[in-house]
Amino acid sequence: MENLADYKEIVDVIKESGGDAFKHCYQCGLCDTVCPWNRVRSFSMRKIIREATFGMTQVEGDDIWRCTSCGNCPRQCPRGVKIIESGVSLRRIATEYGVFPTSVKPIRTISASLTGEGNPLNEKRENRAKWAEGLSVKAFNEEMEILYFPGCYLSYDPRLKKVAVATASILKKANVNFGILGNKENCCGESIRKTGDEELFKRLAKENIKTFIDNGVKRVLVSSPHCYHTFKNEYPEFMVNFEVVHIAQYLAELIDAGRLGLNKEYAKKVTYHDPCYLGRHNNIYDEPRAALKKIPGLELNEMPEARENSLCCGGGGGRIWMETPKGERFSDLRLEQATQIGAEVLVTSCPYCITHFEESRLMLDEAEGNPADNGNKIEIKDLTEIIHEAIS
């Protein structure tokens, strides 16, 4: 193991980086029992915790980077160990010393893109609002009722731009007075923080906070559960409190208020996947299901692991940017679960989940020898795309 601390004991470095909670663990192993990694390979969070307690963490290895921060193990821990936060503390040490295993090295490029362009996709900042061209979406001003913050993936990714377009169309249909900040936006910073780069997170957060304040933002609508989580639960660390609403909540609000009529039949069998950062981390389960149940003809069926027991897609904790070998992708398992209950459409409310599910769908088609356009019949949709079809 590399000696990363010449003048301090490694256990003190771990403690100073936020890993002091490891000492509360009494090695019951419940974290390993519920960890999704043990569906696809051998992995022990209990072992990582034990090694960290004695300052024996192998910071140059892959294991400290596997956690997707899905939130399942803290929910089960009888000692209240802050497993996610403590795990991130080990990544902070690795990040500080520039120690990245091969599967994690893309983080260096991601960090450079976030620093230079405010997004992790190496796209130009000035192109951030191009998704909205031709939609008559206005620049936000303080007289508007809500700011729509689509986030990085909906602003740049070709598949996910469709979600941003559907969202804007729904808002206009409901006569919502909204606007966007376009190239004034930065990435929310949630995922880079989970990789251990605390300084870059703080920079992104402070720039966003200043932009929100300067533009008179009071209420923020987001499409990503990761944006929702960090705006609502982490930005208050900087002594600010914006009202944050996820689109799944806002759709239910618009429907209940009679501002959005769902009049077009959607005669398909649908199942809903609870994203970790919307469900377990923020307890938003009912609103997306309520919206789906209002759609004429839609048949909603639950997968065996739903709500607080939802199976992680594998994209949280910064793993959306890391390499995961074939055979180790949680999203493959989730698609199989959706298919087994006869779902024609797998619906979710998270750009990371959609990205992973779309990749798994294509790979499962290839594995079965099916062409990409005539293979696995299951569709992957964001909640807003379904709602948009029901009001068109």
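Please refer to the structure higher up on the page.
Residues numbered from 1 in each chain as written. Predicted model: local features only at pLDDT ≥ 70, side-chain atom pairs only at ≥ 80, totals over all residues. Heavy atoms only, no water.

### What to know about the overall build of the protein
Then step 1. The helix and strand inventory of the protein stands at 16 helices and 8 strands.
Then step 2. Here the C-alpha radius of gyration of the protein, 21 Å, is about what a compact globule of 392 residues would show, namely 21 Å.
Then step 3. For the protein, the spread of C-alpha atoms along the principal axes amounts to about 65 × 50 × 40 Å.
Then step 4. When the 392 residues of the protein are sorted by exposure, 58% land in the buried category.
Then step 5. Put simply, 79% of the contacts in the protein that link residues at least 6 apart link residues at least 24 apart.
Then step 6. When the accessible surface of the protein is summed, it comes to about 16,800 Å², and 46% of that surface belongs to carbon and sulfur atoms.
Then step 7. The averaged location of the 56 negative side-chain charges in the protein is 2 Å from the averaged location of its 52 positive side-chain charges. (Helix = DSSP H or I, 4+ residues; strand = E, 2+ residues; numbered from the N terminus. Rg over C-alpha atoms; globule rule 2.2 N^0.38 Å. Buried < 20%, exposed > 50% of the residue type's maximum accessible area, 1.4 Å probe, protein only. Contact = heavy atoms within 4.5 Å. Areas by Shrake-Rupley, 256 points an atom, 1.4 Å probe, with all protein chains shown as cover. Lys, Arg positive; Asp, Glu negative; His and termini not counted. Charge placed at Lys NZ, Arg CZ, Asp CG, Glu CD.)

### Quick word on the pairing of strand β1 (residues 146-149)
Within a regular strand, the side chains alternate between the two sheet faces.
Then step 1. Residues I146 and Y148 point to one face of β1 and L147 and F149 to the other, with burial holding for every one of them.
Then step 2. Looking at chain direction, β1 and strand β2 (residues 178-179) are connected through 2 bridges and run parallel. Paired with I146 across the bridge in β2 is F178.
Then step 3. One ladder, built from 3 bridges, connects β1 with strand β3 (residues 219-222); its direction is parallel. Its bridge partner being in β3, Y148 is matched across the sheet by L221. (Pairing = 2+ DSSP bridges.)

### Some thoughts on the packing of aromatic side chains
Then step 1. Per the stated rule, a full pass over the model turns up 13 aromatic pairs.
Then step 2. Their ring planes at 45° and their centres at 5.7 Å tell us that W65 and F100 sit as a pair that is tilted. Of this pair, W65 sits in the loop between α3 (45-53) and α4 (72-76) while F100 sits in the loop between α5 (83-97) and α6 (106-117), and the two are 35 residues apart along the sequence.
Then step 3. By relative accessible area, F100 is classed as buried at 13%.
Then step 4. Ring centres of F231 and Y235 lie 4.9 Å apart, and the angle between their planes is 65°; this geometry places the pair in the edge-to-face category.
Then step 5. Residue F231 is classed as buried on the basis of its relative accessible area, which comes to 3%.
Then step 6. Connected via pairs of aromatic rings, a cluster forms that spans F149, F201, F212, F231, Y235, F238 and F242.
Then step 7. Across the ring face of W37, the terminal group of R66 is positioned such that the distance to the ring centre comes to 5.4 Å. (Phe/Tyr/Trp six-rings, centres within 6.5 Å; stacked < 30°, edge-to-face > 60°. Lys NZ or Arg CZ within 6 Å of the ring centre and 35° of its normal.)

### Some words on the sheet that holds β3
Then step 1. One open sheet holds the 4 strands; their spatial order is β2-β1-β3-β4, and the pairing between them is parallel. Either end of the sheet is taken by a strand with one partner, and the two such strands are β2 and β4 (243-246).
Then step 2. Those strands touched by helix α11 (residues 225-234) are β1, β3 and β4, and its axis lies near 160° from that of β4. (Axes fitted to C-alpha atoms, helices over the stretch in contact; angles between N-to-C directions.)

### Some points on the environment of A248
Then step 1. Here A248 is to be found in helix α12 (residues 247-256).
Then step 2. A248 sits in the buried class, given a relative accessible area of 0%.
Then step 3. Sequence separation between A248 and F212 is 36 residues, and the spatial gap between their C-alpha atoms is 22 Å.

### Here's the deal with the pattern of salt bridges
Then step 1. One pass over the structure, following the stated rule, counts 25 salt bridges.
Then step 2. Put simply, E237 and R193 hold a salt bridge, and the shortest N to O gap is 2.9 Å. Separated by 44 residues along the polypeptide, E237 in the loop between α11 and β4 and R193 in helix α9 (residues 190-194) bring together distant segments of the chain.
Then step 3. With a relative accessible area of 45%, E237 lands in the partly exposed category.
Then step 4. The partner of K294 in a salt bridge is D256, with the nearest N and O atoms 3.3 Å apart. With K294 in the loop between α13 (286-293) and β6 (299-300) and D256 in helix α12, the pair connects residues that are 38 residues apart, well separated along the chain.
Then step 5. With relative accessibility at 43%, the residue K294 sits in the partly exposed group.
Then step 6. Its relative accessible area of 60% is what places D256 among the exposed residues.
Then step 7. Within this structure, R92, E190, R193, K194, E198, E234 and E237 form a network of salt bridges that share partners. (Salt bridge = Lys/Arg side-chain N within 4 Å of Asp/Glu carboxyl O.)

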